[in-house]
Amino acid sequence: MSDFSDEILLSILCYVSTSDLVNNVSRTCRKLHTLCYDKTLLTTTLLTTVTLSEEYTADDGAIRQVLKHLSNHVQSLSLSGCYWLSGSTIDRLIRCRSLVRLDLSGCRVTSLRLSRLLSSLLRSLAFDVSPGFDSAQLSGEARDSLSRLSELRQTVLTPSYGVVPCCSSLFSLQLQLDILDVTRWEGTSMCCQLMMGQSSVPHYQQLEEFTACLAPGEVNQTLLLLYLAVFSVRVPERLRSFLVSVPGPNPAHWPSASSLAHSLVQHGDLEALQLPRSWLDATSLGRVLLSNAPKHLNFSRCPTLRQTVIQSLTGTGVRDSTRLVSLNLSGIGHTSNYPECSRARGEEELVAEAMSRLVICCPNLSHLNLLHTHYHHDNAHTPGLEANTHLCTSLSKLTHLRSLALPACALSDGSHTPSPSPSPSSLLLGLRKPSRVGLQTYRPGSGDSLPREGTSGLGTLLAGCPCLEVLEITGPGFISALPRLEPCARVCVDQRTCVNARGVGDAHVAALRGSGAAEADAGGAAGVLKGTGLVQVAEHCRDLQALSLANLGSLKTWNYSAALLDTLRNCTQLTQLRSPTWCNGAFWEALSCCSRLRRLCLISRNGTFHPAAVVTFMECCRDVMVCHMFLGGTLVACRTLQKTLLDRFSVERPALSVVIYPLLHEDLPLVIRDIRVAQAPPSR
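Remember, it's a predicted structure, so these values are computed and weren't measured experimentally.

S.K.: Quick question: what am I supposed to make of the environment of Ser120 here?
M.R.: Looking at the element boundaries, Ser120 is found in the loop between helix H8 (111-117) and strand S4 (124-129). A relative accessible area of 45% means that Ser120 is categorised as partly exposed. Filtering out sequence-adjacent residues up to four positions away, Ser120 remains in contact with Ser145 and Arg148.

Take a look at the structure:
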């Protein structure tokens, strides 16, 4: 390699991360050291835009080295999710006086520290408003810098406006409201009253983009209404993106929603829209869509808007539907007429003809979410529609599709035959033990002969969407026990799947091997019995990096444990795993084959407790930095193992985050909230 010319080596170095470039490559030899700090490389985007987000192997010393060598060149710096960095390391950022963009989400930032870091050139800022933050402590110079900001992303962990009142030139405001439900502690009257006495309130004169994502809890909804109070006086004229995500079934009412709709109709330059279902009626929404050509629309859990949305997108109700790139129709179908589906409460049925027209009118979709709906191909034929038109066949025409979320029953070709009911004569056999026909045991290498009947629709979909990167398949009625931005589900949900979803199993999972997706999510697929499809996916998708499994197969039986072990042995590139499992010694041995694993979340209600096997796994997989396990053991056993892992590996892994907790413990919702705050939010 040293014989290559400098030009070739510089081209190669452009692909190396900044941390490795400064801390490793530059120390290899004199030639590479010179090239790492070559002027042509320093002026490239690589070293003027430094992203250390979730660089778990970079400790305080490594970050300080990067800042020491690049402080005069870096213009954009992201330390998002670097929760392990000390305050003294964050203070070193004061040397970077050329910063235009700074992301400190998840880092330890106080009001005094922020005041020192702000510079006159800064135009974009992201940080967390933690308890104790006081904007009154900001210096006059810092306030002047904030007044020039055009973009602010603020994670609010305590009732506060943060620095929003100081930012008079904002074009974009993104809020993550993640305050604990204060009704669980003393001082509930302090909920948001501290904010009412503040003399400065946000005005948003030049605001173009407003985004708010709320965690569960009434305090977050109350806080959101305070941030939006100025909308009752005047809606920003330049507003073109308004995205508000409120969890739970009953979002707080916002009186100014009608004023917002009127303003969006007047200006006609809407780019993105997401509102809680109670904030906008069908008539107002129809006028908004008719006057605009949006790129991003989210109507999740808004069944009352179904007819308006579908008619607008498939007819002349949108100025230009071809501009639409992202669409979320989760739970927006119409009421199902099938009794076996109506048991899955809140889940509606997709109409084949409407979806076919939607694909034709919106050909440039890149992201589509159809979860919490039903699709019955065998009952979907309508006059004027070709008999062989399957939902997957229609979706295969979206050649730009990059992420797709579907209900499990949408993969079925409608050829599922229900199990025959027992004859009266068989019921008279008394207690005589019949011959067992049950489930065949999985054997390695036995998955190659899986039947492919009923998977033609899925095959057509995968063949027509070559750009697909993320695929999520979820069974009807499935609810995660550990959601990130929804209230935790304590009760066990029955496996209420429709007849078509029961026919989606190992053969359909095996068909996914033809996709190039780097991330796969599957939950609530009752037809997965032996797990042979998982093995085939792992064998053919060698670049699979993220895998999420939940509630596969029957609710109270777990028959795919052997196949899961074979799957893990083949997932050599896996970096993220979330799965229910049986945490025995064989599982930890198989998981040790995933040498690149970085983030791990396991849920196990049963199984033996093997602390020694967990320690051995952590020794083999040295890149694991986030290890969250919710087990069926006792609180004492879980805390003992957690302390053992932290004491043994924290020195060599400063970013190590270990949470081990009994799955059914009463404090579990608070633990989930702490994890939510500590870890950087997913990009999606």
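S.K.: Honestly, a nonpolar patch on the surface in this entry has me stumped. Any pointers?
M.R.: A contiguous nonpolar surface patch, about 370 Å² in accessible area, is contributed by Met1, Phe4, Ile8 and Ile12. Among the secondary structure elements, Ile8 is positioned in helix H1 (residues 6-13). For Ile8, a relative accessible area of 42% gives the class partly exposed.

S.K.: Would you explain the packing of aromatic side chains in this entry?
M.R.: In the structure shown here, the tally under the stated rule is 14 aromatic pairs. Ring geometry for Tyr161 versus Tyr227: centroids 5.4 Å apart, planes at 85 degrees, classification edge-to-face. Remark: Tyr227 occurs in helix H11 (residues 218-227) and Tyr161 occurs in the loop between strand S5 (151-156) and strand S6 (172-177); sequence separation between them is 66 residues. Both residues of the pair, Tyr161 and Tyr227, count as buried. Geometrically, the ring pair formed by Trp254 and Trp279 is tilted, given 4.9 Å between the ring centres and 40 degrees between the ring planes.

S.K.: Looking at this structure, how should I read the pattern of salt bridges?
M.R.: Close approach of charged atoms allows side chains of opposite charge to pair. Per the counting criterion, the structure on display carries 15 salt bridges. With its nearest N and O atoms 2.7 Å apart, the salt bridge here joins Lys643 to Asp647. Of this pair, Lys643 and Asp647 both sit in helix H26 (residues 635-649), four residues apart, which is roughly one turn of that helix. Pair check on accessibility: Lys643 and Asp647 agree, each one exposed. Several salt bridges converge on common partners, so that one network encompasses Asp91, Arg113 and Arg116.

S.K.: So what exactly am I meant to see when it comes to empty space enclosed by the protein here?
M.R.: Here the idea is plain: a probe the size of a water molecule rolls over the atoms and shows the empty space left. By the definition in use, this model includes six cavities of 30 Å³ or more. Approximately 220 Å³ is the volume found for the largest cavity. Here the lining of the largest cavity takes three residues from strand S17 (residues 519-523), the largest share from any one element. Its residues assigned to classes, the lining of the largest cavity shows 17 nonpolar, two polar and one charged.

S.K.: Would you take a moment to explain the pairing of strand S18 (residues 546-550) for this structure?
M.R.: Taken residue by residue, a regular strand's side chains alternate between the two faces of the sheet. Most of S18 sits out of view: five of its five residues are buried. Judged by which residues are buried, S18 turns out to be covered on both faces: Ala546, Ser548 and Ala550 on one side and Leu547 and Leu549 on the other are all buried. Pairing between S18 and strand S19 (residues 576-580): three bridges, direction parallel. Within S19, the position partnered with Ala546 by the bridge is Gln576.

S.K.: Just to check I follow, could you spell out the pairing of strand S16 (residues 470-474) for this structure?
M.R.: With five of five residues buried, S16 is to be regarded as a mostly interior element. Judged by which residues are buried, S16 turns out to be covered on both faces: Val470, Glu472 and Thr474 on one side and Leu471 and Ile473 on the other are all buried. Bridge count between strand S15 (residues 403-407) and S16: five bridges; the pairing is parallel. Counted as the bridge partner of Ala405 is Glu472 from S16.

S.K.: I'm lost on unusual backbone geometry in this one. Help?
M.R.: For residues besides glycine, phi is generally negative; the peptide bonds are generally trans as well. Positioned with a positive phi, Arg301 is a non-glycine residue whose angle comes to about 60 degrees. Note that Arg301 resides in the loop between strand S10 (296-298) and helix H14 (306-314). Positive phi outside glycine occurs at His372, with the angle close to 55 degrees. Its place among the elements puts His372 in the loop between strand S13 (367-369) and strand S14 (373-374). Taking relative accessible area as the criterion, His372 reaches 22% and is therefore assigned partly exposed.

S.K.: I keep staring at H11 and nothing clicks. Help me out?
M.R.: Residues three or four positions apart in an α-helix share a direction because the helix packs 3.6 residues into each turn. When you tally the buried positions in H11, you get seven out of ten residues, the bulk of the element. Looking at H11, one finds that the buried residues are Val219, Asn220, Gln221, Leu223, Leu224, Leu226 and Tyr227.

S.K.: What is the right way to look at the state of the cysteines in this model?
M.R.: Covalent bonding between the sulfur atoms of two cysteines defines a disulfide. Taken as a whole and judged by the stated rule, the model has zero disulfides. Free of any disulfide, Cys362 has its nearest neighbouring cysteine sulfur in Cys361, separated by 6.1 Å.

Parameters and conventions
- Residues numbered from 1 in each chain as written.
- Predicted model: local features only at pLDDT ≥ 70, side-chain atom pairs only at ≥ 80, totals over all residues.
- Heavy atoms only, no water.
- Helix = DSSP H or I, 4+ residues; strand = E, 2+ residues; numbered from the N terminus.
- Buried < 20%, exposed > 50% of the residue type's maximum accessible area, 1.4 Å probe, protein only.
- Contact = heavy atoms within 4.5 Å.
- Patch = residues over 30% accessible without salt bridge, like charges linked within 9 Å, V, L, I, M, F, W, Y side chains within 5 Å.
- Areas by Shrake-Rupley, 256 points an atom, 1.4 Å probe, with all protein chains shown as cover.
- Salt bridge = Lys/Arg side-chain N within 4 Å of Asp/Glu carboxyl O.
- Phe/Tyr/Trp six-rings, centres within 6.5 Å; stacked < 30°, edge-to-face > 60°.
- 1 Å grid on protein atoms, 1.4 Å probe; cavity = no way out; pocket = protein on both sides within 12 Å on 5 of 7 lines; lining within 4 Å.
- Points joined across faces, edges and corners; volume = space filled by probe spheres on them.
- Nonpolar A, V, L, I, M, F, W, Y, C, P; charged D, E, K, R; others polar.
- Pairing = 2+ DSSP bridges.
- Disulfide = S-S within 2.5 Å.

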